[in-house]
Amino acid sequence: MPDNTMSVEEILAASEREASLYDWRGTFADYLAMVVENPSLVKFSHARVRDAILSQKVDTLPTGEPVYRLFEQDIFGLDDVLKQIVEYFEAAAKGAETRKRILLLLGPPASGKSTIVALIKKALEDYTRTDEGAVYAIAGCPMQEEPLHLIPHSLRPVLKEQYGIEIEGELNPRNRYLLRTKYKGNIADVPVERVVFSEHEAVGIGYYVATNPNADSSLLVGSIDTERLDGDRTEVAGRAFRMDGEFNVANRGMIEMVEIFKADKYLLTTLLGLAQEQVIKMEKFGSIYSEQAIIGHSNEGDFNTFALDEHSEALKDRIIAIRVPYNLRVSEEVKIYGKITTRSEEANVSIAPLTLQVASTFAVLSRLDQPASQGMTLLDKMRLYDGRMVGSYTRQDAIEMRRHHADEGMTGISPRYVMNRIAAVASIPGVKCVTPLAVLDSLWQGMSENVSLDQEGKAAFISLVSDTVSEYNELAVTDVQRAFDESFDETAAILLAGYLKSIRAYCSGKEPDDDDVGFDERDMQEIERPINVRAKDKKAFREEIDRLAFLFEKRGRRFDYTTEPRLKAAIESRLFPSTRELQRALTRPRFARQRAEWSQRRISIVKRLIEKYGYSAVGAEDLLEYVTELLQKKTMFRTPKNEGIEWHWDLYPTKATLVPPAEES
């Protein structure tokens, strides 16, 4: 049995140990002693959420921008959004008025709003399982109430002055009633227990979908036991309040409000009271203190309707809205769709490597505004946003364009639609390889079937298809160029290693000497010349690349020549055969004596596409044939009268003939 294999008994024992880790139970006297010794145990909800996010670690890019590990495996291309969210919790954690604001994530469907909140909730659950994030509550309280609420108001300044412990809030009616009746006012004996937040168990994390305009308010504020309404108001509140609403559940943690503006006015007013005063209003019976982070999300249409309502001014003033647009970087969009690859391969359908990039290109193009810069095309803008080389434009130019087009990404094709169309191609009977043009055609066909699109809208999408084909043409040629030379990867790795070694020495100030220590200025310039790194910019460029490589090294991740778009362009320009050379090599020779060499060359390219670059035999041969035709200036599609698309290429290749069957992947 392998060393890492656990027996059934070991699994059971480990499960029992896990369950007992959080079983602390004591009295309020015990808890108060713990808090005095370690005041960091006392946290308000926003500080707890902030610490939960940061507990997953934060990296820093060479540009100085933070990368939050909590989100990096699931959220792509939304770095600015994530930074704003963390800044909101940072400000609220410091006690600013931000703490009394509702965080609203505003964006189109499938832009990542729900995923962001889900990751924060999971981080909060995990954090409360750590020593740093431990949460203690009055035992048995359905609102996991902070035990320090037992301290009378007259003594709270003493705790703040002597120990830096701030207490805010009032005992809820149930605990106030139990303190008076069961514990006879003796706060030291009130039992305290450790609690772990769990959305599934309704502890510390609330969830509410506001889709019913006539929803029962008790779902949020809690229900009342009508059989216990006898007695004075205090007694009724203590015995009859069940405190089982989502606001009660979320006390000391957070609540997610889905489609927040579909809630009725009464619920929105209740939400206003909770955000502004940290209280849950109970009709006829006063209020209950509840302190929690409120995160809502909505689409722009519902928000705009809400914003036009003159009676919503008070709530609008309590909202901090952060836009969550669709991603605008192709390389990040590819990561979103990458998860579908495994499912398709399990169904014995391969996805050609460029397919996801082509689908991402079409999606991102649909989200961009036309560029204002004269001479810049939509494709240029897309490439610039993705960090690629576009003429003399710089990264700062991309930032400025983004700033002047704040609505970009709030409309366009959603990732969900793209994934559905990829899946549609993969499910076609007989299809063994999903090719880029097949998916592009599927994306187009899906849009053309949309009855809400007028002729102008259809023409716009045909233009996007044309631009995407242009991008695919470049990508396809690049992949064949890469596979043309058997030693390309090794040579590229050597060039990169030499460059990184030189810039590290350059950045640390080591001058070159006879012992091969230091940097080679000529070699560095050879790499930088094709990408137009000017002399005045070389120091900043080299320092940026050095920091990026160090960050990858520190995290144990591989930094290869494709990692940084500018280095990729530079090294490929050094090593790739020209398109003219490639065309001559791929074109079928006129004379029979030359065809054996030509055939062997093509077979070698196909094999390298399969063995090194992830193609199936069918996909590799389809790519090679496509590039061969393309280099002969043949047209692969046309748009008659701008009303549709006619492909001059087989979108669904079914077999390979260049590679012998025994060698097919």
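Definitions and cut-offs
Residues numbered from 1 in each chain as written. Predicted model: local features only at pLDDT ≥ 70, side-chain atom pairs only at ≥ 80, totals over all residues. Heavy atoms only, no water. Helix = DSSP H or I, 4+ residues; strand = E, 2+ residues; numbered from the N terminus. Buried < 20%, exposed > 50% of the residue type's maximum accessible area, 1.4 Å probe, protein only. Contact = heavy atoms within 4.5 Å. Lys, Arg positive; Asp, Glu negative; His and termini not counted. Charge placed at Lys NZ, Arg CZ, Asp CG, Glu CD. Phe/Tyr/Trp six-rings, centres within 6.5 Å; stacked < 30°, edge-to-face > 60°. Core = buried A, V, L, I, M, F, W, Y, C linked by side-chain atoms within 4.5 Å. Axes fitted to C-alpha atoms, helices over the stretch in contact; angles between N-to-C directions. Parallel < 35°, antiparallel > 145°, perpendicular 65-115°, else oblique. Pairing = 2+ DSSP bridges. pLDDT = per-residue confidence, 0-100. Polar contact = N/O pair within 3.5 Å; in protein donor to acceptor, adjacent residues only side chain to side chain. Arc of directions from axis to C-beta.

1. Points about the overall build of the protein chain
Reasoning step 1: Across its full length, the protein chain carries 27 helices and 16 strands.
Reasoning step 2: Taken along its principal axes, the extent of the C-alpha atoms in the protein chain is 105 × 70 × 60 Å.
Reasoning step 3: Taken across its 665 residues, the protein chain has 49% of its residues classed as buried.
Reasoning step 4: Of the contacts formed within the protein chain by residues at least 6 apart in sequence, a portion of 72% connects residues at least 24 apart.
Reasoning step 5: Between the centroid of the 86 positive side chains of the protein chain and the centroid of its 105 negative side chains there is a distance of 3 Å.

2. Focus: the environment of Phe550
Reasoning step 1: By the element assignment, Phe550 lies in helix α23 (residues 538-554).
Reasoning step 2: The class for Phe550 is partly exposed, based on a relative accessible area of 48%.
Reasoning step 3: Between the alpha carbons of Phe550 and Pro62 there is a distance of 9.4 Å; along the sequence they are 488 residues apart.

3. A short note on the packing of aromatic side chains
Geometrically, a pair of aromatic rings is defined through the distance of the ring centres and the angle of the planes.
Reasoning step 1: All chains considered together, the criterion is met by 15 aromatic pairs.
Reasoning step 2: Taking the centre distance of 5.6 Å and the plane angle of 75° together, the rings of Phe488 and Tyr561 count as edge-to-face. Taken together, the positions of Phe488 in helix α21 (residues 488-508) and Tyr561 in the loop between α23 and α24 (565-575) put the pair 73 residues apart, joining distant regions of the chain.
Reasoning step 3: Relative accessible area serves as the criterion here: at 2%, Phe488 is assigned to the buried category.

4. Quick look at the nonpolar core
Reasoning step 1: In this structure, Leu437, Val465, Leu623, Tyr626, Val627 and Trp647 are the most contacted members of the largest nonpolar core, which totals 104 residues.
Reasoning step 2: The element contributing the most residues to this core is helix α20 (residues 455-484), with 12 residues.
Reasoning step 3: With sequence-adjacent residues up to four places away left out, Leu437 is seen in contact with Val469, Tyr472, Tyr626, Trp647, Trp649 and Leu651.
Reasoning step 4: Core analysis: the second largest hydrophobic core is formed by 49 residues, Leu104, Val192, Ile255 and Leu267 among them.

5. Regarding the packing of helix α15 (residues 355-367) against helix α16 (residues 378-385)
Reasoning step 1: The geometry of α15 relative to α16 is characterised by a closest axis approach of 10 Å and an angle of 105° between their N-to-C directions. It follows from the interaxial angle that α15 and α16 lie roughly perpendicular. Residues Thr361, Val364 and Leu365 of α15 lie in contact with α16, whose contacting residues are Leu378, Leu379 and Met382.

6. Let's talk about the sheet that holds strand β11 (residues 293-298)
Reasoning step 1: With parallel pairing, 5 strands are arranged side by side in an open sheet as β7-β8-β11-β4-β12. In the strand order of this sheet, the two ends are held by β7 (205-209) and β12 (319-323), each with one partner. Pairwise comparison of adjacent strand axes, ignoring direction, gives a mean angle of 20° for this sheet.
Reasoning step 2: The pairing of strand β4 (residues 102-106) with β11 spans 4 bridges and is classified as parallel.

7. Comments concerning the confidence of the model for the protein chain
For any part of a model where pLDDT is low, the fine detail of the predicted coordinates should not be relied upon.
Reasoning step 1: Summing up the model confidence of the protein chain, the mean pLDDT is 88 and the portion of residues at 70 or higher is 90%.
Reasoning step 2: Across the protein chain, element-level confidence peaks in strand β5 (residues 135-138) with a mean pLDDT of 98 and bottoms out in helix α9 (residues 233-240) with 66.

8. Here we look at the sheet that holds β5
Reasoning step 1: Here we have 3 strands laid out as an open sheet, ordered β1-β6-β5, and antiparallel in their pairing. Across the chains shown, the open sheet's two edge strands, defined by having one partner strand only, are β1 (25-27) and β5. Between one strand and the next, the sheet's axes are offset by a mean angle of 35°, whatever the strand orientation.
Reasoning step 2: Relative to strand β6 (residues 191-195), β1 is paired through 3 bridges, and the arrangement is antiparallel. Counted as the bridge partner of Gly26 is Val192 from β6.
Reasoning step 3: Along the sheet, helix α2 (residues 28-37) contacts β1, β5 and β6; its crossing angle with β1, the most-contacted strand, is approximately 95°.

9. Regarding the pairing of β11
Reasoning step 1: With 6 of 6 residues buried, β11 lies mostly within the body of the structure.
Reasoning step 2: Side chains of β11 alternate between two faces, with Ala293, Ile295 and His297 and Ile294, Gly296 and Ser298 buried alike.
Reasoning step 3: Where strand β8 (residues 254-258) meets β11, 5 bridges bridge the pair, whose relative direction is parallel. Paired with Ile255 across the bridge in β11 is Ile294.

10. Examining the side chain of Lys43
Reasoning step 1: Mapped onto the elements of the fold, Lys43 is located in the loop between α2 and α3 (45-54).
Reasoning step 2: A distance of 3.2 Å separates a polar side-chain atom of Lys43 from the backbone oxygen of Glu132.
Reasoning step 3: Leaving out residues up to four positions away in the same chain, Lys43 has contacts with Arg48, Asp51, Tyr127 and Glu132.

11. Remarks on helix α22 (residues 521-528)
Reasoning step 1: Within α22 the residues assigned to the buried category are Met524, Ile527 and Glu528. Each buried residue of α22 lies within a common arc of 95° when the element is viewed along its axis, so the set occupies one face.
Reasoning step 2: Buried residues along α22 sit against α21, α23 and α24.

12. With respect to unusual backbone geometry
Reasoning step 1: Positive phi outside glycine occurs at Lys57, with the angle close to 80°.
Reasoning step 2: Structurally, Lys57 can be placed in the loop between α3 and β2 (58-60).
Reasoning step 3: A residue is classified by how much of its surface remains accessible, and Lys57, at 52% relative accessible area, is exposed.
Reasoning step 4: Unusually for a residue other than glycine, Arg252 sits at a positive phi of about 75°.
Reasoning step 5: Checked against the element boundaries, Arg252 lands in the loop between α10 (246-249) and β8.
Reasoning step 6: Residue class for Arg252 comes out buried when judged on its relative accessible area of 5%.

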